[in-house]
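# Fold and contact review
Chain residues, written in single-letter form:
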Amino acid sequence: MSDKFSFLKHTHPFELLPDDTLTYLADALEEMEFNQTGIIYEQHKTKVDGLDIIVTGNYETYFYNSEGKKEAGSSLKPGDTYGAFSILLNKEKSIKTVSASKKTKIYRVPAATFKALCKEHDAFYQSFVTLFGKEMLNDAFANFVTRPTYDLDTLTFDRYFIGRMDSVNTRPIVSCERGTPAHEAAKLMEANKLSCLFITEGDTYIGYVTDILLRNKIIAARRDADTPVEAIMEGPIYRISREAYIYEAILMMFNHKIRYLIVEDHGQETGVISRSKLLSDQAQSPFVFIQSVRLAMSVDELKAKWAEVPEVVYNLLTRGVKSELANQIITNISDTIAQKVIEGVIDEIGPPPAKFVFMALGSEGRMEQTLKTDQDNAIIYEDKANEFRGKTRTYFLHFAELVSERLNHIGFVFCTGGLMAKNPKWTHSLSHWKRNYNEWIENPDPQSVMNFSTFFDCRMIYGEESLVKELQAHILQKLEDPGTYFFTQLATNALQYEPPLTFFRGIKTIEKDDQQVFNIKRSMTPIVDLVRVYALKHKILKTNTGERLSALRDQKVFTEEDYLELMQSYYYMMGMRLRYQARQIMNDHSEPHNYVSPGNLTKIEVVTLKAIFKVIENFQQGIKINFTRNLFG
């Protein structure tokens, strides 16, 4: 028995090959040794002549990003291989940059021989395919594989999305005590050329005043210039770490409708940054577009802005920006549009007769909105005395009708299932909503469970958030003892869609418009439903799937491996779904849909999807065991 044969016999995946094939392969191996450390392959440039099997020494593999820095590095040790992905899926060009250490010895399987082995021995081939599919679930790896080249605009974009707050020039924090007269605060702001002054009580920041507040609350209101700043200050104070990404800071500002952030370094305040400063520094960023949406003056102008969103999203995704961020940007834009519409309706019909909250449900409630979007919303208003109930309800139903009509005109089409505030069934007082949830939890038939799942994914768009929080507190109390049947029904609902895998691990399709396709939205649904069940079981009120996964990992419900597999699987499909929808709108000038033809996918995408569908299958088995006590359904 030769040394090469013995080595292969005990090395995965060559151990899967029959002995006669191994004998032939051992004779075909080329033996090589590198006498000094150095780069042997450059990403997307160097041709890979064969599959390298490391015998002694090691390979260091990595990507160079747009700034020339190494990313997604890994070390290959004896028994590991390099080159399979490059040969099978990248036209024999090296996917990564590879450096061999001094005195590294390898056996090389010629490319033609390797491809022949893959063709003849499916288990051998599938071992590489499975490994590659798992690698593609890593965002850092996937971005470089699918985005090999850079242009000038991409470099500008990349610097924005990889930039952290420590690269931003902040201003010193200037403050005054809460009892300081307004005119003295104004002098302090003028002396320091500031538009924001922080208010302190002792060593604690308790609020802030801005030039706009001084104008509106002192001058316009004709108040005395000696009015103490505590009487006009606003809050709360928001902070961000200097290690955070720039885009996180801007999203925080938009989400909380604030103009200033205090920047911290390990808990110590280092300065303050304004939204206008960040946006002016990031002229290429999509957040400038969000700002333009906020400045829109009419429903038609909002409609025109929404029509531009597919191109914004497509540019983000093709530059390697994570689909989680693309979701957040779509959500932020759609929230802004809804808020502008709501404010316009209130200006038109007068102020509401009661406190209320306008909620988003479903994918919008989870902040996972795509470009194929309909309206899923509801209204909660505070309970009123008997004599005011009719008037209050009449106002909100009229209000909901106008808001819904305008959103439909903009491009957020009516929900075919009627899950909208304009439907009298979904606009009610807080006490009525509590009764709804009681009924759904206490009598969990399939329709009740469906309603509960939809309305559990709720999020405030406009109004009094305290109403949502009170409802959530009520739900948590009811979930203390919901009965075992409730979670069984929820789990059964989460199992109704299975990943589209055939018995032989192909992608199962249906016929649609003379094409074989699969529904990518339905393929993602099991992850959403699965994670929601676990979130409910463990009293997690977050609505976003990614945030729920993070919380489940933090509570040790999911392992780090579980968390990464589900996160990467979900957002890989989300990115694919958004790209396809954007192309349908931009290139085909058609309504976006969720059907994808495997024939239009690259080999890399097919391999990755198969790995994802297997991940989903495995987690559905966990649901069956943990919640239904039935492995088979």
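Residues numbered from 1 in each chain as written. Predicted model: local features only at pLDDT ≥ 70, side-chain atom pairs only at ≥ 80, totals over all residues. Heavy atoms only, no water.

Applying the stated criterion across every chain, the model contains 33 aromatic pairs. Look at Trp426 and Phe455: their rings are 4.5 Å apart centre to centre, the planes differ by 40 degrees, and that puts the pair in the tilted class. Within this pair, whereas Trp426 is found in the loop between helix H16 (386–410) and strand S17 (427–429), its partner Phe455 is found in helix H18 (residues 446–456), the two being separated by 29 residues in sequence. In this structure Trp426 comes out as buried when scored by relative accessible area, which is 5%. Phe455 gets classed as buried once you look at its relative accessible area, which sits at 0%. On the numbers, 5.0 Å between centres and 70 degrees between planes, the contact of Tyr437 with Trp440 is edge-to-face. You can see Tyr437 and its partner Trp440 sitting in helix H17 (residues 430–442), three residues apart, about one turn around the helix. (Phe/Tyr/Trp six-rings, centres within 6.5 Å; stacked < 30°, edge-to-face > 60°. Helix = DSSP H or I, 4+ residues; strand = E, 2+ residues; numbered from the N terminus. Buried < 20%, exposed > 50% of the residue type's maximum accessible area, 1.4 Å probe, protein only.)

Turning our eyes to something else, we now look at the packing of H17 against H18. When two helices pack together, their arrangement is given by the angle between the helix axes and the distance between those axes. It is at 8 Å that the axes of H17 and H18 come closest, and there the two elements cross at 130 degrees. For the element pair H17 / H18, the angle class is oblique. Every pair of crossing elements has a handedness; the one defined by H17 and H18 is left-handed. Residues Trp433, Tyr437, Trp440 and Ile441 of H17 form the contact with H18, whose participating residues are Ser448, Asn451, Phe452, Phe455 and Phe456. (Axes fitted to C-alpha atoms, helices over the stretch in contact; angles between N-to-C directions. Parallel < 35°, antiparallel > 145°, perpendicular 65-115°, else oblique. Left-handed = near helix turned anticlockwise from the far one by under 90°. Contact = heavy atoms within 4.5 Å.)

By definition, the strands of a sheet pair up through backbone hydrogen bonds, in either a parallel or an antiparallel sense. Strand order across the open sheet formed by three strands is S12-S13-S14, with mixed pairing between neighbours. The open sheet has two free edges, formed respectively by strand S12 (239–241) and strand S14 (268–274), since each of these has just one partner strand. Going across the sheet, the axis of each strand differs from the next one's by a mean of 35 degrees, ignoring polarity. Judged from the three bridges that link them, S12 and strand S13 (residues 260–265) form a sheet pairing that is parallel. Bridge pairing links Ser241 to Glu264 in S13. (Pairing = 2+ DSSP bridges.)

On to the environment of Gly79, then. Positionally, Gly79 belongs in the loop between strand S5 (70–76) and strand S6 (81–82). Between the C-alpha atom of Gly79 and that of Phe503, which follows or precedes it by 424 residues, the distance is 31 Å. Not counting chain neighbours up to four residues away, the residues in contact with Gly79 comprise Phe7, Thr11, His12 and Ile54.

What follows concerns the side chain of Lys96. Position of Lys96 relative to the elements: it lies in the loop between helix H3 (84–89) and strand S7 (97–100). At 3.0 Å, the side chain of Lys96 and the side chain of Thr61 are in polar contact. A distance of 3.0 Å separates a polar side-chain atom of Lys96 from the backbone oxygen of Ala72. Beyond its immediate stretch of four places on either side in the chain, Lys96 contacts Tyr41, Glu42, Gln43, Thr61, Tyr62, Phe63, Ala72, Ser74, Tyr82 and Phe141. (Polar contact = N/O pair within 3.5 Å; in protein donor to acceptor, adjacent residues only side chain to side chain.)

Turning to the pattern of salt bridges, a few remarks are in order. As enumerated under the stated definition, the model contains 27 salt bridges in all. Here Arg108 ties to Asp52 by a salt bridge, and the two come within 2.6 Å at their closest N and O atoms. With Arg108 in strand S8 (residues 104–110) and Asp52 in strand S3 (residues 50–56), this residue pair connects regions lying 56 residues apart in the sequence. Like Arg108, the residue Asp52 is buried in the burial classification. For Asp457, the salt bridge identified is with Arg548, shortest N-O distance 2.6 Å. A residue pair is termed long-range when its members are at least 10 positions apart, and Asp457 in the loop between H18 and strand S18 (459–463) and Arg548 in helix H22 (residues 545–554) qualify at 91 residues. Overall, the relative accessible area of 0% leaves Asp457 in the buried class. (Salt bridge = Lys/Arg side-chain N within 4 Å of Asp/Glu carboxyl O.)

For the rest of this paragraph, the subject is the sheet that holds S3. Read from one edge to the other, the open sheet built from four strands follows the order S1-S8-S3-S6, with strand pairing classed as antiparallel. Looking at strand neighbours, the two that pair on one side only are strand S1 (30–34) and S6, the edges of this open sheet. In terms of strand pairing, S3 meets S6 through two bridges, oriented antiparallel. Each residue of the ladder has a partner; that of Ile53, found in S6, is Thr81. Sheet strands touched by helix H4 (residues 111–120): S3 and S8. Its angle to S8, the strand with the most contacts, is close to 65 degrees.

Moving on, we come to unusual backbone geometry. Following His12, the chain continues to Pro13 via a peptide bond in cis, the omega torsion being 5 degrees. Assignment of secondary structure puts Pro13 in the loop between helix H1 (3–9) and helix H2 (19–28). The amide bond that connects Gly235 to the next residue, Pro236, takes the cis arrangement and shows omega of 0 degrees. Here Pro236 lies in the loop between helix H9 (211–219) and S12.

Attention now moves to the nonpolar core. With 173 residues, the main nonpolar core has Phe14, Phe114, Phe287, Ile337, Phe399 and Leu609 as its most contacted residues. With 12 residues, the single largest contributor to this core is helix H23 (residues 560–586). (Core = buried A, V, L, I, M, F, W, Y, C linked by side-chain atoms within 4.5 Å.)

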